[in-house]
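Here's the letter readout for the chains.
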There are 2 protein chains.
Amino acid sequence: MSFRVAVVGATGLVGNEMLRVLEERSLPLSCVIPLATSRSSGSRVSFRKEELIVEDVEAFDFSRVDLALFAGGEIASKDYASRAVQAGAVVIDNSSAFRMDPEVPLVVPEVNACSLVQHQGIVANPNCSTIQMVMVLKPLVDKVGLRRVIVTTFQSVSGTGKDAITELETQTRALMDGQRPERRVYPHRIAFNLFPQIGSFGLLGYCEEEWKMIKETQKILNHPDLAVTATTVRVPVVRGHSESLLVETERPITCEEAVEILSGFDGVRVMDQNTYPVPEEAAGRDEVFVGRIRQDTSSPNGLHMWVVADNIRKGAALNAVQIAEVMCDMGLLQEKAEKS
Amino acid sequence: MSFRVAVVGATGLVGNEMLRVLEERSLPLSCVIPLATSRSSGSRVSFRKEELIVEDVEAFDFSRVDLALFAGGEIASKDYASRAVQAGAVVIDNSSAFRMDPEVPLVVPEVNACSLVQHQGIVANPNCSTIQMVMVLKPLVDKVGLRRVIVTTFQSVSGTGKDAITELETQTRALMDGQRPERRVYPHRIAFNLFPQIGSFGLLGYCEEEWKMIKETQKILNHPDLAVTATTVRVPVVRGHSESLLVETERPITCEEAVEILSGFDGVRVMDQNTYPVPEEAAGRDEVFVGRIRQDTSSPNGLHMWVVADNIRKGAALNAVQIAEVMCDMGLLQEKAEKS
């Protein structure tokens, strides 16, 4: 058994990282086809020491592949995902296009792989900030129950894409040289600054990223009434998202118990007391790191955690490839492959 | 009536800003004497177009002044504040040395100027993050009551001092030039990074800054049982602290009501709905800015706010000078001046 895989948006940050993750891991591959819009088609990306030519997604015949990893953003997913499914490919989509569709499983493999059995061709990869948060919420939900989740995020610019990394670098250089920094990508300067808005504002004055964290968490944990609130903030960090997380558990637990519960969860790495992860060190790593586990001084059942992960790996590319691996193990990828 | 004022730590960030604030405002001054440790004595600082020679605090006779603004850090305050008081000067101390002393008023003038009447010579200026937070908590405590306060901070490097600004700049340059950044001031790299530790770790795994925010808030609001919890984070911003603040009020209030209550409070500037302050724009300003006022999706009485202020001005130098002004208005500064 070996799969033919297309990566849509292969020249972007997440698409390129998907190629890196596919290189490193053991999903059996018979061929990998990088796809992008006509603007980038014809360019080359490396894969296992070969140079692959990027093809135009618009003209691509998805019956040539068993699996399509979509990392081209919401519009590309809306335009091409159905076509890929109709052509018999399984789609794992990193965009927000289908995440809240009740027919689309929204999956973090360590958390809710079981929901994959219901898939109708498309599986959604959750929002980056949500993924790292549910990785620590899941074992707590299962072992002690959760009443409430309060999160404030510190999100790196790589979550926006390559242009945003360039903007941070260009603005930083301008400021260091005493020049006026220009803005193109973000509504505010990001160099030596930060701002509490990710996406546009919606209901109740919450921005899109905040609603994603609330709604996706409820869906992934299959807990539609879980009380969740979020404040999402963009910070001048290149890679790695950090989260100041406060949960209220159903029954009070000690920090020691929390450490034990979290340490036993696959993919989570708990730091020793009074130590903590930082984005610089989490960048390039696969684990979700948790530190500063401590009692809340403002509630009897509250527990603070500091959660950091690489938003491009576990927050996007790695999680998508893990979904493919689990689908392969569950026989869900094979079935679609046979159909095509 | 006009006062002789000493500024201890006049060559530091906060001490120098105290000189700027004294220049701008209307506290009547007959002379200003900059003081520092022997290392900096003999250097010059500017004040109202004059160059003042910095004198050695060790050798200084505090009976020469009516008021001493201390901004030289905890050790300087412990070493010299009592001597200044014994010499008849009123001390307004920016360090944490005396803040939790029950005999020392801990004052944000807009919030608890009344507590100044109990002073015994020393008045403490609160922690920078605490000042901007209590400025928005106070009107809410008075008008609707508070049950609980949950805060996560984004603190700029200027809170640490000049060396930390240099460290951020030097590390940023090194990284932009592809070189290895060096660490001197902070336990982690600060350029393009962040870390959730300000001060050393203490009880319950909270760091010093977190305990300051909890204990000082309770003291300033005269609400020793108020449920407060904090997570304090250092971010690569030069100036201006930001806070993601969630409060639970005694009774539910609408955002409109919250806006009205906060707008009526002296020194607080409320931003329009879906707008918010950022540290870049708050730097150099006197107000405490509040934006993103919105209902909590996780509790019936919860209210989110995003609070930004200049940590060197309202968070330190301005607040200290305002204390002096209010003491002058209350006749508290004059009395001490007459004694000397």
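Residues numbered from 1 in each chain as written. Chains lettered and ligands numbered in written order. Predicted model: local features only at pLDDT ≥ 70, side-chain atom pairs only at ≥ 80, totals over all residues.

Here we look at the overall build of chain A
Now for step 1: Across its full length, chain A carries 10 helices and 14 strands.
Now for step 2: Reported as C-alpha extents along the three principal axes, the dimensions of chain A are approximately 60 × 55 × 40 Å.
Now for step 3: Burial statistics for chain A: of 340 residues in total, 56% are counted as buried.
Now for step 4: Looking at chain A alone, contacts between residues at least 24 apart form 66% of all its contacts between residues at least 6 apart. (Helix = DSSP H or I, 4+ residues; strand = E, 2+ residues; numbered from the N terminus. Buried ≥ 20, exposed ≤ 12 C-beta atoms within 10 Å, placed from the backbone. Contact = placed C-beta atoms within 7 Å.)

With respect to the interface of chain A and chain B
Now for step 1: Facing 48 residues of chain A, the contacting portion of chain B comprises 48 residues.
Now for step 2: Counting only elements with at least two residues in the side of chain A that touches chain B, the list comes to strand S9 (146–154), helix H5 (162–176), strand S10 (227–231), strand S11 (241–249), helix H8 (279–282), strand S13 (288–295) and strand S14 (302–309) of chain A.
Now for step 3: Broken down by element, the residue count for the side of chain A that touches chain B peaks at five residues, all from S9(A).

Focus: H5(A)
Now for step 1: The end-to-end C-alpha distance of H5(A), which contains 15 residues, comes to 21 Å, matching closely the 21 Å that a straight helix rising 1.5 Å per residue would cover.
Now for step 2: All of the buried residues in H5(A) are A:Ala164, A:Glu167, A:Leu168, A:Gln171 and A:Thr172. Along H5(A), the residues classed as buried sweep out an arc of 125° about the axis, all on the same side.
Now for step 3: On its buried face, H5(A) is in contact with helix H5 (162–176) of chain B.
Now for step 4: A:Gly178 sits one or two residues past H5(A) and shows a positive phi near 75°. (Expected span 1.5 Å × (residues − 1). Arc of directions from axis to C-beta.)

So, unusual backbone geometry
Residue and element names in this part refer to chain A.
Now for step 1: With a phi close to 45°, Arg48 is a non-glycine residue in the positive phi region.
Now for step 2: Mapped onto the elements of the fold, Arg48 is located in the loop between strand S3 (44–47) and strand S4 (50–53).
Now for step 3: Taking the number of C-beta atoms within 10 Å as the measure of exposure, Arg48 has 10 and is therefore exposed.
Now for step 4: In this structure, Phe192 takes a positive phi of about 50° despite not being glycine.
Now for step 5: Summarising the element assignment, Phe192 is placed in the loop between H5 and helix H6 (208–220).

Here we look at the relation of the copies chain A and chain B
Now for step 1: For these two chains of identical sequence, chain A goes onto chain B by a turn of 180° and a shift of 0.0 Å along the axis, with RMSD 0.0 Å. One copy is carried onto the other by what is essentially a two-fold rotation axis.
Now for step 2: Both copies present the same face, since 100% of the interface residues in chain A are matched by interface residues at the equivalent positions in chain B. (Least-squares fit on C-alpha atoms with pLDDT ≥ 70 in both.)

Quick notes on the sheet that holds strand S1 (residues 3–8) of chain B
Residues and elements named next belong to chain B.
Now for step 1: Read across the open sheet, the six strands follow the order S5-S2-S1-S6-S7-S8; overall the sheet is parallel. Because the sheet does not close on itself, it has two edges, and the strands there are strand S5 (55–56) and strand S8 (122–124).
Now for step 2: In this sheet, strand S2 (residues 29–36) lies alongside S1 in parallel orientation, the contact comprising six bridges. Residue pairing in the sheet places Val5 in a bridge with Val32 of S2.
Now for step 3: Its contacts with the sheet place helix H1 (residues 13–24) against S1, S2 and strand S6 (67–70), and it is angled at close to 155° to S1.
Now for step 4: Most of the contacts of helix H9 (residues 313–329) go to strand S7 (residues 90–93), to which it runs at about 150°, and overall it touches S6, S7 and S8. (Pairing = 2+ DSSP bridges. Axes fitted to C-alpha atoms, helices over the stretch in contact; angles between N-to-C directions.)

What about the pairing of strand S4 (residues 50–53) of chain B?
Residue and element names in this part refer to chain B.
Now for step 1: The pairing of strand S3 (residues 44–47) with S4 spans four bridges and is classified as antiparallel. Looking at S4, one finds that Phe47 is bridged to Glu50.
Now for step 2: Taken together, S3 and the strand that follows it, S4, pair antiparallel across an intervening segment of two residues, in which Arg48 is found at a positive phi of about 45°.

Overview of the environment of B:Tyr80
Residue and element names in this part refer to chain B.
Now for step 1: Inspection of the secondary structure puts Tyr80 in helix H2 (residues 74–86).
Now for step 2: Assessed through the 22 C-beta atoms surrounding it within 10 Å, Tyr80 is described here as buried.
Now for step 3: Separated by 95 residues in the primary sequence, Tyr80 and Leu175 place their C-alpha atoms 41 Å from one another.

A word on the domain arrangement of chain A
Residue and element names in this part refer to chain A.
Now for step 1: Under the domain assignment used here, chain A contains domain 1 (3–125 + 316–339) and domain 2 (130–311).
Now for step 2: Computed from C-alpha coordinates alone, the two centres of domain 1 and domain 2 are separated by 25 Å.
Now for step 3: The set of elements that each furnish at least two residues to the side of domain 1 that touches domain 2 consists of helix H3 (109–112) and helix H9 (313–329).
Now for step 4: When its residues are assigned to classes, the side of domain 1 that touches domain 2 shows seven nonpolar, four polar and two charged. (Domains from an automatic or database assignment. Nonpolar A, V, L, I, M, F, W, Y, C, P; charged D, E, K, R; others polar.)

Observations regarding the packing of helix H4 (residues 128–143) of chain B against helix H6 (residues 208–220) of chain B
All names here are of chain B.
Now for step 1: Across the interface, H4 lies against H6 with an axial gap of 9 Å and an inter-helix angle of 40°. For the element pair H4 / H6, the angle class is oblique. In this structure, H4 meets H6 at a crossing whose hand is right-handed. Here Ser129, Thr130, Met133, Val134 and Leu137 of H4 lie close against H6, whose contacting residues are Glu209, Lys212, Met213, Glu216, Thr217 and Ile220.
Now for step 2: For the contact of H4 with H6, the per-class residue count stands at five nonpolar, three polar and three charged. (Parallel < 35°, antiparallel > 145°, perpendicular 65-115°, else oblique. Left-handed = near helix turned anticlockwise from the far one by under 90°.)

Side note on helix H2 (residues 74–86) of chain A
Structurally, the α-helix is built with 3.6 residues per turn, so residues lying three or four positions apart point the same way.
Residue and element names in this part refer to chain A.
Now for step 1: For H2, with 13 residues, the first-to-last C-alpha span of 19 Å sits near the 18 Å given by 1.5 Å per residue.
Now for step 2: Considering bend angle alone, the principal kink of H2 is centred on Tyr80 and spans about 40°.
Now for step 3: Those residues of H2 lying buried are Ala76, Ser77, Tyr80, Ala81 and Ala84.
Now for step 4: Next to the buried residues of H2 lie strand S1 (3–8), strand S6 (67–70), strand S7 (90–93) and strand S8 (122–124).
Now for step 5: Where H2 terminates, the next one or two residues include Gly88, which has phi positive at roughly 95°. (Bend = angle between axes of the 7 residues up to and from the residue.)

A closer look at the environment of B:Leu22
All names here are of chain B.
Now for step 1: With respect to the helices and strands, Leu22 occurs in helix H1.
Now for step 2: Put simply, Leu22 and Leu204 are 182 residues apart on the chain and 40 Å apart in space, counted from C-alpha to C-alpha.
Now for step 3: Not counting residues up to four positions away in its chain, the partners in contact with Leu22 are Val5, Leu27, Leu29, Val32 and Val321.

Remarks on the sheet that holds strand S10 (residues 227–231) of chain B
Note: strands within a sheet are paired through backbone hydrogen bonds, in either parallel or antiparallel orientation.
All names here are of chain B.
Now for step 1: Here six strands make up an open sheet; going across it, the order is S10-S9-S11-S14-S13-S12 and the pairing mixed. The two strands at the open ends of the sheet, each matched to only one other strand, are S10 and strand S12 (268–270). With direction set aside, neighbouring strand axes in the sheet form an average angle of 25°.
Now for step 2: Where strand S13 (residues 288–295) meets strand S14 (residues 302–309), five bridges bridge the pair, whose relative direction is antiparallel. Note on S14: the bridge partner recorded for Gly291 is Trp306.
Now for step 3: The strands touched by H4 within the sheet are strand S9 (146–154), strand S11 (241–249), S12, S13 and S14, with S11 carrying the most contacts at an inclination of about 30°.

Notes on the environment of B:Asp272
Now for step 1: The residue B:Asp272 is located in the loop between S12 and helix H8 (279–282) in this model.
Now for step 2: Overall, B:Asp272 belongs to the exposed group, with 9 C-beta atoms counted inside 10 Å.

Observations concerning the confidence of the model for chain A
Residue and element names in this part refer to chain A.
Now for step 1: Mean pLDDT over chain A works out to 96, with 98% of the residues at or above the 70 mark.
Now for step 2: Residue range residues 335–340 is modelled with pLDDT below 50. Its contacts to residues more than four positions away, or to other chains, number 12 contacts.
Now for step 3: Model confidence for the complex is summarised by a pTM of 0.97, with the ipTM given as 0.96. (pLDDT = per-residue confidence, 0-100.)

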